[in-house]
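Topology and contacts: notes
Letter by letter, the chains look like this.
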Amino acid sequence: MPKLTIDGKSIEVAKGTTVLEAAAKLGVYIPRYCYHPSLSISGNCRMCLVEVEKAPKLLTACSTEAAEGMVVRTDSEKVKAARRDVLEYLLINHPLDCPICDQAGECGLQDYYMEYSLKKSRFAAADKVTRQKRRALGPHLVLDNERCILCTRCVRFCSEVTKTSELEVMERADHSFIDLKEGKALDNDYSMNIADLCPVGAWTSRDFRFKQRVWFLKKTPTVCLGCATGCLAEAQHNENVIYRVMPRPNAETNTWLCDRGRLAYKAVTAGDRLAKGFIKNGLIDLEPALREAATRIDEAKGAVAVLGSPWLSIEDNAALAALAIEAVKTENFCFDFPAEQGIKDGILINKDAAPNTAGVKLVKAARGGISLEELSRRLLAGQIKVVITEARAAGFIKEALKAAAPRLITFATNRGEIPQGAYATLPYASYFETPGTFVNYQGLKRRTEPAVTPPEGVKPLWGLVNKLAAYSGDSLHLNSSEDALKGVKL
Amino acid sequence: MAFKLTEDFKARAEKLCARYPRRDAALIPVLLELQKEAGYVAEEAMDELAKFLALPYARVKAVVTFYTMFNREPAGKYHLQVCRNISCHMAGAPGLLARLRAKLGIGEGETTKDGLFTLSAVECLGACGAAPVMQVNEDYFENLNGEKLDALLEDIKHGRLRAGGR
């Protein structure tokens, strides 16, 4: 356990800890470009140089192991001068793109220049070595080699995290640049992380480019609902529009986010987003749709089934359980979704595509219900005339639905989700618009916070359930997501 | 055009690989061997080599493009490689390069129409003590100046220098 002093403060750290990590523990920030906590140490950018007593030269804090009795200075004149010089080097060939660069506002070059350099350029624009400007490399990314400072974070990400090794530094010295095989696309399941990793504006996201200046973005914690991994994420939005979703790195589950999960937010404003109800194939206002659905449920009393959904929050599943037990008063309800869980690709993507398989188990434990097989059996036996479920969950009993052809009342956020043959569809607020609790494959409870408001008139699913019951003359008293839990313990 | 590594080449490459604890460590020797045989390292060859050494293609390409000693296209009969690093630079390499550009009518990285000369500015040739230095195919010519360079070009044109390596 070496003990060292950094800027006059001493700290004892585990063997193998680097000076940069030890400094972070003390709250001393050391600027860096190539260093990334989840990638191997490269030590190429030289931005983290610090002064170590008895060392003849400045040392890179990212690659220097803390040693017993080490005395480190991160704020001496020598260090400050080194930072200025490193920045001057990095900026020699960097274009003056800031006004049209997407990275502006979260750019390492801008930030460090303001903080450590403020030095006037000694190079005329005409002296700059120009490199290739923006070009699309793959479905999600744009690369502007002229802005690149060759920190190689992207190269290391592709070789160490995705293990696809598409990228390398080509050529040499001031004409070197990042590239991949000619004609190939940078298309792995995690490519958009590279836009986050890039400390400058070299890699930008095609989805986010030019949509919004980063300093306008507000951040709301959310959970990726793309699969059972349940990565912690952050919705970044402005004026009620989500512009991008970024990972919230955490030790338990994720440092990164997969491309599919990152783009899932697009459904919120997609062209097929539902703001009204559907009866058969006709759009209809929510209230008449609810009334129609309630009438069909009343008609079939005793022959109604309610199926929960691993795509819905615990609150919404609990509301469905309350609907079945307290309003419809049926025994035909099912909150049982067996699924194989575990990381599929060694990185983040789960074998279970639904986000809340584990969370629905809590509803089942509290409220009981029949199994999926039993529900199918009852359907096929003709005991069920109306099925109420979430659109994607209908897929679990697809065959039985096809054979028994009951009236299917579904909840959906987008038209594309509606299963074939649905009788009525009710639009509900997505989990970017309403809070919800989910349990991921590790059994960790995670909550989404509303980042934006739903389209006019669209309610959370528990609110629809409350109304459905009310139209049938039953009062469930579901006035908030907490009410919706109804006996289900989180 | 599909490029295929010959069985004969593969056998030689295997011997090179056997010299190192890891297969990928043989990349540079194998590339040199390939260039000796074909005169240059073709794009398709990089693909084949990557498979042969179980390396990502990008790694092979990065190494080939990093080193000036690898030709990425066929060179002329005489490959004039002028060192442009610090010692040679200070001892007059820019003058030599300018002279060659003017005399041959080509820029760096280009080949004369008759296919006789290719001109390159290369990184350190490791002969700083004899700067400025130019390598012609496999041979070094040291302590060069304008007159020596002119004489050397005349010699080459009249076939008084063997085409090294071939």
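Note that the coordinates shown come from a computational prediction; the quantities given were computed from them, not determined experimentally. (Residues numbered from 1 in each chain as written. Chains lettered and ligands numbered in written order. Predicted model: local features only at pLDDT ≥ 70, side-chain atom pairs only at ≥ 80, totals over all residues.)

This brings us to the domain arrangement of chain B. When its domains are assigned, chain B resolves into domain 1 (7–66) and domain 2 (78–157). The centre of domain 1 of chain B, based on its C-alpha atoms, is set 28 Å off from the matching centre of domain 2 of chain B. (Domains from an automatic or database assignment.)

Counting residues in hydrophobic clusters, the biggest one holds 159 residues, and the most contacted among them are Val306, Ala319, Leu323 and Val465 of chain A. The element that contributes the greatest number of residues to this core is helix 8 (residues 314–328) of chain A, accounting for 10 residues. Within the second largest apolar cluster, 20 residues are counted, among which are Tyr78, Cys88, Val122 and Leu149 of chain B. (Core = buried A, V, L, I, M, F, W, Y, C linked by C-beta atoms within 7 Å. Buried ≥ 20, exposed ≤ 12 C-beta atoms within 10 Å, placed from the backbone. Helix = DSSP H or I, 4+ residues; strand = E, 2+ residues; numbered from the N terminus.)

This part covers the sheet that holds strand 6 (residues 135–136) of chain A. As a general point, the strands of a sheet are linked pairwise by backbone hydrogen bonds and lie either parallel or antiparallel. All names here are of chain A. Across the sheet, which stays open at both edges, the 3 strands sit in the order 6-7-10 with antiparallel pairing between neighbours. Bordering the open sheet on either side are strand 6 and strand 10 (203–205), each of which pairs with just one other strand. When strand 6 meets strand 7 (residues 141–143), the two strands line up antiparallel, connected through 2 bridges. Its bridge partner being in strand 7, Arg135 is matched across the sheet by Leu143. (Pairing = 2+ DSSP bridges.)

As a further point, take the interface of chain B and chain A. The interface of chain B with chain A comprises 8 residues on the first partner and 10 residues on the second. Across the side of chain B that touches chain A, the residue classes tally to 5 nonpolar, 1 polar and 2 charged. (Contact = placed C-beta atoms within 7 Å. Nonpolar A, V, L, I, M, F, W, Y, C, P; charged D, E, K, R; others polar.)

Glancing now at the packing of helix 1 (residues 7–17) of chain B against helix 2 (residues 27–38) of chain B. Residues and elements named next belong to chain B. Following both chains from N to C, one finds helix 1 and helix 2 inclined at 150°, their axes separated by 9 Å at the closest point. As far as their axial angle goes, helix 2 and helix 1 are roughly antiparallel. Considering how the two elements wind past one another, helix 1 and helix 2 form a crossing that is right-handed. Where helix 1 abuts helix 2, its residues Phe9, Arg12, Ala13 and Leu16 lie against Pro29, Val30, Glu33 and Glu37. Taken together, the residues that form the contact of helix 1 with helix 2 break down as 5 nonpolar, no polar and 3 charged. (Axes fitted to C-alpha atoms, helices over the stretch in contact; angles between N-to-C directions. Parallel < 35°, antiparallel > 145°, perpendicular 65-115°, else oblique. Left-handed = near helix turned anticlockwise from the far one by under 90°.)

It is worth spelling out the pairing of strand 3 (residues 49–52) of chain A at this point. Within a regular strand, the side chains alternate between the two sheet faces. Residue and element names in this part refer to chain A. Two elements, strand 3 and strand 4 (residues 59–60), share 2 bridges in a ladder whose sense is antiparallel. When the bridges of strand 4 are listed, Val50 appears paired with Leu59. In this sheet, strand 5 (residues 71–73) lies alongside strand 3 in antiparallel orientation, the contact comprising 2 bridges. Paired with Val52 across the two strands is Val72, which belongs to strand 5.

All names here are of chain A. If you walk across this open sheet you meet the 3 strands as 11-12-13, and the pairing is antiparallel. The outermost strands of the open sheet, each flanked by one partner alone, are strand 11 (218–223) and strand 13 (241–247). The sheet shows a mean angle of 30° between the axes of neighbouring strands, direction not considered. Pairing of strand 11 with strand 12 (residues 232–238) involves 6 bridges; the strand directions are antiparallel. Paired with Lys219 across the two strands is Gln236, which belongs to strand 12.

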